[in-house]
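Coordinates in review
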Amino acid sequence: MKILTTFRVQRVSKRENVVDRSRMPWALHTLNSSEPLRKRTYFLTREKIVVGRKEDDGNDIVVSKKSVSRKHATIRIAESSFNVSRLDSRPSIEMEDHSSFGTSINGITVNKTKKNLRDGDTIQFAKSQIVFKVQFVPIVICVTGIGSSKRKEMLRQTFRKLGIHYQSVWGEYITHTLTERPLTIPVKFLRALLCGIP
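Note that the structure is predicted; figures quoted are calculated from it, not measured. Each chain has its residues counted from 1, following the order in which its sequence is written. Given that this is a predicted model, residues contribute local features only at a pLDDT of at least 70 and side-chain atom pairs are listed and counted only at 80 or more, while totals for whole chains, interfaces and linings are drawn from all residues. Side-chain measures here rest on the full set of heavy atoms in the structure, leaving out hydrogens and waters.

**Re unusual backbone geometry**
One non-glycine residue with positive phi stands out, namely Asn106, at about 55°. Residue placement: Asn106 occurs in the loop between strand E10 (103–105) and strand E11 (108–110). Categorising residues by exposure relies on relative accessible area from a 1.4 Å probe, with only protein chains included: less than 20% of the type maximum marks a residue as buried, more than 50% marks it as exposed, and the intermediate range marks it as partly exposed. With a relative accessible area of 38%, Asn106 lands in the partly exposed category. Backbone geometry places Ala126, a non-glycine residue, at a positive phi of 55°. A residue is classified by how much of its surface remains accessible, and Ala126, at 13% relative accessible area, is buried. Comment: elements are numbered from the N terminus, with helices defined as DSSP H or I runs of at least four residues and strands as E runs of at least two.

Given below as structure tokens:
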């Protein structure tokens, strides 16, 4: 299933624009758990994500089991390895365990150490029964209606920080479009699009 979303660039000041940061390419999905985490997806929207036992400790992902430490692990996304123009490029992701009981990655326990993660890895924090799956969710944005090359370069840098691919030509791999102004699309065009008429 393909979901197409349109982002809008919102003017904040004369020199700055902001892109909706509500989605990132890396996500953690709960595979098997009890309430309240059943079938939950966490999009990793920051460079640093903290996993721990209590929400009031400033943790981004809460696993409320006694064996999970207050600040159990940190997940970091690094943009240095990411090329926005190459569709096969991905930002790297690593997890650092800070806990007493360790973290299991693909069934192997790591304790007080860093470990690079890959698409499809499974993570289990301490003796919790909750299993998370690491997934790369590629986002490819086609930009239209952005005039100056200076603004396009600013967007390219923002996409790099977010781990989003940037393409200037439409293709079937595009998941999102970005435009400066809202587009008015006639009903006839939408009908032709839905019927697959060029």
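From this point, things continue past the structure.
**Comments concerning the packing of aromatic side chains**
Each pair of aromatic rings taken from Phe, Tyr and Trp, with Trp reduced to its six-membered ring, is defined by centres within 6.5 Å and is described as stacked if the planes are under 30 degrees apart, edge-to-face if over 60, and tilted in the remaining cases. All told, the structure shown has four aromatic pairs when counted by the stated rule. Measuring from centroid to centroid gives 5.1 Å for Trp26 and Phe136, while their planes differ by 65°, and the two rings are edge-to-face. Here Trp26 is found in strand E4 (residues 26–32), whereas its partner Phe136 is found in strand E14 (residues 131–136), with 110 residues between them in sequence. Each member of the pair Trp26 and Phe136 is classed as buried. Centroid distance Tyr42 to Phe132: 6.2 Å. Interplanar angle 55°. Geometry classified as tilted. Separated by 90 residues along the polypeptide, Tyr42 in strand E5 (residues 41–43) and Phe132 in strand E14 bring together distant segments of the chain. Pair check on accessibility: Tyr42 and Phe132 agree, each one buried. Taken together, the ring pairs in this structure connect Tyr42, Phe125 and Phe132 into an aromatic cluster.

**Overview of a nonpolar patch on the surface**
The patch calculation keeps residues exceeding 30% relative accessible area without a salt bridge and links them within 9 Å when they carry like charges or within 5 Å when they are nonpolar (Val, Leu, Ile, Met, Phe, Trp, Tyr). The Shrake-Rupley method, run with a 1.4 Å probe sphere, supplies the accessible areas, and residue values consider only the shown protein chains as cover. Put simply, a salt bridge is a Lys or Arg side-chain nitrogen that is within 4 Å of an Asp or Glu carboxyl oxygen. Nonpolar side chains collect at one region of the surface, where Ile185, Phe189 and Leu190 lie side by side and expose about 270 Å² of accessible area between them. Within the secondary structure, Phe189 is located in helix H2 (residues 187–195). Judged by its relative accessible area of 46%, Phe189 is partly exposed.

**As for the sheet that holds E11**
Read across the open sheet, the six strands follow the order E5-E4-E14-E13-E10-E11; overall the sheet is antiparallel. Bordering the open sheet on either side are E5 and E11, each of which pairs with just one other strand. Adjacent strand axes in the sheet meet at a mean angle of 30°, parallel and antiparallel pairs treated alike. Pairing between strands is defined by DSSP: at least two bridges between the two strands are required. Bridge count for strand E13 (residues 122–125) against E14 is two bridges, and the pairing is antiparallel. Within E14, the position partnered with Thr122 by the bridge is Lys133. Orientation is described by axes fitted as lines to C-alpha atoms, over the contacting stretch for helices, and by angles from 0 to 180 degrees between their N-to-C directions.

**Quick look at the pattern of salt bridges**
The final tally for this structure, using the stated rule, is three salt bridges. Between Asp57 and Arg70 there is a salt bridge; the shortest N-O distance is 2.9 Å. Taken together, the residues Asp57 in the loop between strand E6 (48–52) and strand E7 (61–62) and Arg70 in the loop between E7 and strand E8 (73–78) connect sequence positions 13 residues apart. In this structure Asp57 comes out as buried when scored by relative accessible area, which is 18%. The salt bridge involving Arg118 is made with Asp121; its shortest N-O contact spans 4.0 Å.

**Looking at the nonpolar core**
Side chains that are nonpolar tend, in soluble globular proteins, to be buried together. We call a set of buried Ala, Val, Leu, Ile, Met, Phe, Trp, Tyr and Cys residues a nonpolar core when their side-chain atoms join them within 4.5 Å. In this structure, Leu28, Leu44, Met95, Phe125 and Phe132 are the most contacted members of the largest nonpolar core, which totals 24 residues. Elements with a minimum of two residues in this core: E4, E6, E8, strand E9 (92–97), E13 and E14. By definition, residues are in contact when any of their heavy atoms lie within 4.5 Å. Among all residues touching Phe132, those that are not within four sequence positions of it are Leu28, His29, Thr30, Tyr42, Ile61, Val63, Asp121, Thr122, Ile123 and Phe125. Formed by ten residues, the second largest nonpolar core is a distinct cluster that contains Ile139, Phe159, Ile164 and Leu178.

**A few points about a positive patch on the surface**
For the charge count, each Lys or Arg is scored as positive and each Asp or Glu as negative, with His and the chain ends excluded. Positions of charges follow a simple convention, taking NZ of Lys, CZ of Arg, CG of Asp or CD of Glu. On the surface, a cluster of positive charge is made up of Lys48, Lys71, Arg76 and Lys114. By secondary structure assignment, the location of Arg76 is in strand E8. On the basis of relative accessibility, which here comes to 35%, the residue Arg76 falls in the partly exposed class.

Bear in mind that shape data such as this cannot, by itself, settle questions of function.
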